[in-house]
Structure formats: C-alpha cells, structure tokens
Amino acid sequence: MLRVRRFEERCVELYSAALIRGFMHLYIGEEAVAVGAMDAVGPEDAVVSTYREHGHALVRGVSARAVMAEMFGRVEGCSRGHGGSMHLFDTATRFYGGNAIVAGGLPVAVGLALADRLAGQDRVTACFFGEGAVAEGAFHESMNLAALWHLPVVFLCENNLYAMGTALRRSESQTDLTVKAASYAMPAWAVDGMDVLACRAAARRAVGLVRAGAGPCFVEFRTYRFRAHSMYDPELYRSKEEVERWKTRDPLETFARRLGDAGLIGPAERERLEAEVAAEIDDAVAFAEAGTLEPVEDLTRQVYRRAVP
Ligand SMILES: Cc1ncc(C[n+]2csc(CCOP(=O)(O)OP(=O)(O)O)c2C)c(N)n1
Ligand SMILES: [Mg+2]
C-alpha cells in the first residue's frame, strides 16, 4: 500500500511538471482493495482492471519502471508508450489492462475465463471495476453470461460512491450492489474496502469458491477515493467534511497503526520501508526519463483501419 501510495504521489509531481501528460486517475485511498484482493490470485490467473489501475498493475507485479515509463509515453513502458496511464498491459503477469471504457473490462474478463475453460486451464480471472459500471449494459450482459456458463470470474467491484461527479444514490434505484449481482444467481457480498485484511479475506473466499467450480462470484468493496476523479475536478458533488471523514479511515495509516500496536512494524521499520519505496520510485523515474520516445514512423503501428476497395 505504501508503494502504491508513494508511486502515485510522485506521479502527481511529475504531472505538474508536465513530464506525465494526458488523463491520469489516482487510486489514493483505495489501496487496500488492490493489495488485499490481489493476494488471493495466483500468477497463472488473469487480472483485468480500469483506467484507475496504477495500483493494480504494481501489486500484480508489473515493475515500477515499466509503469512509470508508460506514464512518460516511452517505448520501454509496458504498452510501448502507446497507452499511458489508462492502458497499462502486461502479458507476462497476465495483466489485461487498463481500460478507458466504463465496464469495458467485464466482457474481456468473461472472454478470458471462457478461453481458459475451452483450453482446459484451471485458472481464474479477477476483474476490478468501479460501481459506475453497474449502469452499463456490458455489466449485465457479462454477469449474466458468466453465471449462465459457470465461468471462473471473480467480479471485484470498487464502490467509491461516485462515478465522476455522480453519486450512486443519484443514479441507481438499487444502491445495494450485492442485490444486483445476486439477481444473476451468483454469490455476492460486501466488505469494508478500507481494511486490507478484510479485503484479503473476502477475495480469498471468493477466489476459493470460483476455483472450486462454483461459477462466478461478486465482491463489493466499500471504499473511497481521496482525490479528484481525474487530475482535476471542482469536487462540487461531495463535501470537504465527507472527504475528511473518510480520510480518518485511510487504509494505509490505519493498518500501520494496527501493525504498530501489535509490535510488528514500528517507526524505524516504517522509515526503512519508506526509504526502500522512495529508492524504487527514484529508479523508476530515472529509467523513464532516460527512455526512448517512439519513432514517428511507429505512430500508426497497431492502428487498424478497414481497407477501402
Ligand atoms: C462507456 C463510458 N461512458 C462514460 C465514460 C466517461 N467516464 C469516465 S470515468 C466515469 C466514471 C466511472 O465511475 P466508476 O465506474 O465508479 O469508477 P471510478 O472512477 O469511481 O473508479 C465515466 C462516466 C466512459 N469512460 N465510458
Ligand atoms: Mg466509482
């Protein structure tokens, strides 16, 4: 969690210095979900995420160098600099994005799980998405097919209460997302997304069920983003008090306190971890800065068009 938090804080500085450009969505405040949930998936499994995916990529094992170089638009980035912040991909870790389209990852996850089934592979696909996805048709089609075909997908919904500036309660008649999921005949439950151990336990239970052949499973993580939707929004849709209230439940600091109280990680060890993380990020930034810009001839590579007869 510390690594993800500090990585993104550095990204903010780099964005202000115009070294990172384009859209950038921060995960700050939600780290317990990626860290807790990813612990339940193995290297053979697949992971699908959204445009708020820096944390998922890092926790999955995409190197800080490859992620930072991608943010800088360098060829050494995990998507050859073609993707940037919203499109981190890495086949080596079976990290299938990074998806700018709300709910766009769900059909991809169902397809991956179907491919695994057809290939006789005993693997699970973990699919992260925001609660805004439940308003999309792709969410319902994906949930239905996954359940109908008993596909090994773990649907991991990060409910941070807002989809850009739209509060869930202003856009959905049913705000209990587990009820929506359960209507597709799959096990579904909610968990405190600010508690990393609770997130891990919930994800382990879900992945366990899916791996045992029970079909798909849905977990709603109740969490909160501490920053604007993207790099800037006027935040007129929520009060400062609400943000401050959630910040008292900061998953990183509450867990650090818990570790301190248990005598596991004290101030000296925290300092050592901070230094270790800072060194890794410094190295990633240096790597990205020294990276190569894509040659102009390559710009239209992987851009497809229909041939005109
Ligand atoms: C299909 C589609 N519609 C609209 C948008 C514009 N858009 C970008 S992010 C976003 C909000 C999504 O919110 P949520 O799924 O809750 O994820 P969060 O940003 O809270 O992590 C919207 C509507 C989009 N990217 N794709
Ligand atoms: Mg949201």
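Each chain carries its own residue numbering, running from 1 in the written order of its sequence. Written order decides the labels, with chains lettered from A and ligands numbered from 1. Selection of residues for local features in this predicted model requires a pLDDT of at least 70, selection of side-chain atom pairs for listing and counting requires 80 or more, and totals for whole chains, interfaces and linings are taken over all residues.

- Per an unreviewed UniProt entry, the chain goes by the name Pyruvate dehydrogenase E1 component subunit alpha and belongs to Georgenia thermotolerans.
- The UniProt entry for the chain carries this comment under Subunit (unreviewed entry): "Heterodimer of an alpha and a beta chain."
- What the UniProt record of the chain gives under Catalytic activity (unreviewed entry) is the line "N(6)-[(R)-lipoyl]-L-lysyl-[protein] + pyruvate + H(+) = N(6)-[(R)-S(8)-acetyldihydrolipoyl]-L-lysyl-[protein] + CO2". UniProt positions are given in the numbering used here, feature names are shortened, and annotations may be inferred rather than shown by experiment.

Looking at the packing of helix α2 (residues 31-38) against helix α9 (residues 196-211)
Now for step 1: Lines fitted to C-alpha atoms define the axes here, with helix axes fitted over just the stretch in contact, and angles between the N-to-C directions of these axes take values from 0 to 180 degrees. Helix and strand assignments follow DSSP, with helices taken as H or I runs no shorter than four residues and strands as E runs no shorter than two, numbered in order from the N terminus. In the contact formed by α2 and α9, the axes pass within 7 Å of each other and the chain directions differ by 40°. Relative to α9, α2 is oriented oblique. Both α2 and α9 take part in a crossing whose hand is right-handed. Together, Ala32, Val33, Val35, Gly36 and Ala37 of α2 and Val196, Leu197, Cys199, Arg200 and Ala203 of α9 make up the contact between the two elements.
Now for step 2: Of the residues in the contact of α2 with α9, the class split is eight nonpolar, one polar and one charged. Roughly parallel refers to an angle under 35 degrees, roughly antiparallel to one over 145, roughly perpendicular to one between 65 and 115, and oblique to any angle outside these ranges. In this scheme the crossing of two helices becomes right-handed for a clockwise turn of the near helix relative to the far one and left-handed for an anticlockwise turn of less than a right angle. Contacts here follow a simple rule: the backbone-placed C-beta atoms of the two residues must lie within 7 Å. Asp, Glu, Lys and Arg are counted as charged, while Ala, Val, Leu, Ile, Met, Phe, Trp, Tyr, Cys and Pro are counted as nonpolar; the rest, among them Gly, fall into the polar class.

Some points on the nonpolar core
Now for step 1: Ranked by size, the top nonpolar core spans 81 residues in total, and within it Val67, Cys127, Val154, Leu156 and Val219 carry the most contacts.
Now for step 2: Ranked by residue count, the leading element in this core is α9, at seven residues.
Now for step 3: When sequence neighbours within four positions are dropped, the list of residues in contact with leucine 156 reads Ala37, Ala126, Cys127, Phe128, Ala203, Val219 and Phe221. Among buried residues, those of type Ala, Val, Leu, Ile, Met, Phe, Trp, Tyr and Cys that are joined through C-beta atoms within 7 Å form a set called a nonpolar core. Our exposure labels follow a C-beta count within 10 Å of each residue's own C-beta, placed from the backbone: buried means 20 or more other C-beta atoms, exposed means 12 or fewer, and partly exposed covers the counts in between.

Here we look at the environment of valine 67
Now for step 1: Looking at the secondary structure, you find valine 67 in helix α4 (residues 64-71).
Now for step 2: Taking the C-beta count within 10 Å as the criterion, valine 67 has 25 such neighbours and is therefore assigned buried.
Now for step 3: With 155 residues separating them along the chain, valine 67 and arginine 222 place their C-alpha atoms 26 Å apart.
Now for step 4: If we skip the residues at most four places from it in the chain, valine 67 touches His54, Ala57, Leu58, Val62, Cys78 and Leu88.

Section: the site of ligand 1
Now for step 1: Among the 14 residues in the neighbourhood of ligand 1, the closest are listed as Val102, Gly130, Gly132, Ala163 and Met164.
Now for step 2: The class makeup of the residues in the shell around ligand 1 is seven nonpolar, four polar and three charged. By definition, a residue lies near a molecule or strand provided its backbone-derived C-beta atom is within 6 Å of it.

Concerning helix α1 (residues 2-16)
Now for step 1: Expected span of a helix: the number of residues minus one, times 1.5 Å. When the terminal C-alpha atoms of α1 are compared, their 21 Å separation across 15 residues agrees well with the 21 Å that a helix rising 1.5 Å per residue should span.
Now for step 2: When α1 is considered as a whole, its buried residues turn out to be Val4, Arg5, Phe7, Glu8, Arg10 and Cys11.
Now for step 3: Within two residues after α1, alanine 18 carries a phi angle of roughly 60°, on the positive side.

Focus on the environment of valine 308
Now for step 1: Turning to its location among the elements, valine 308 is positioned in the segment after α12 (267-289).
Now for step 2: Look at valine 308 and you get exposed, because 4 C-beta atoms sit within 10 Å.
Now for step 3: In this structure, the C-alpha to C-alpha distance between valine 308 and arginine 200, residues 108 residues apart in sequence, is 52 Å.

Observations concerning the packing of α1 against α12
Now for step 1: The interhelical angle for the contact between α1 and α12, taken along N-to-C directions, is 45°, at an axis separation of 10 Å. Classified by the angle their axes make, α1 and α12 are oblique. You can see that α1 and α12 cross each other, and the crossing is right-handed. On α12, the residues that touch Leu2, Arg3, Arg6, Phe7 and Arg10 of α1 are Leu273, Glu274, Val277, Ala278, Ile281 and Val285.

Observations regarding the sheet that holds strand β2 (residues 125-130)
Now for step 1: Taken together, the five strands give an open sheet; going across it, the order is β1-β2-β3-β7-β6, and neighbouring strands pair in parallel fashion. Since the sheet does not close on itself, it has two edges, and those belong to β1 (46-48) and β6 (188-192), each with one partner. On average, adjacent strands in this sheet sit at an angle of 20° to one another, irrespective of strand direction.
Now for step 2: Relative to β2, β1 runs parallel, the two being bridged by three bridges. In the strand pairing of β2, valine 47 is matched with alanine 126. Strands are treated as partners if at least two bridges between them are detected by DSSP.

Comments concerning the UniProt feature "domain: Dehydrogenase E1 component" (unreviewed entry) in the chain
Now for step 1: Per the UniProt record, "domain: Dehydrogenase E1 component" (unreviewed entry) is annotated on residues 2-291.
Now for step 2: Spanning residues 2-291, this segment combines 46% helix with 11% strand, and its end C-alpha atoms are found 26 Å apart.

Digging into the pairing of β6
Now for step 1: As paired elements, β6 and strand β7 (residues 217-222) share five bridges and run parallel to each other. Pairing of tryptophan 189 across the sheet is with valine 219, part of β7.
Now for step 2: Note on handedness: a crossover is taken as right-handed if, strands pointing away from the viewer, the path from the first strand over the helix to the second is clockwise. In this view, the connection linking β6 to its parallel neighbour β7 by way of α9 has right-handed handedness.

Description of unusual backbone geometry
Now for step 1: Positive phi outside glycine occurs at arginine 80, with the angle close to 55°.
Now for step 2: Here arginine 80 shows up in the loop between α4 and α5 (105-118).
Now for step 3: One non-glycine residue with positive phi stands out, namely arginine 94, at about 50°.
Now for step 4: As for its placement among the helices and strands, arginine 94 is situated in the loop between α4 and α5.

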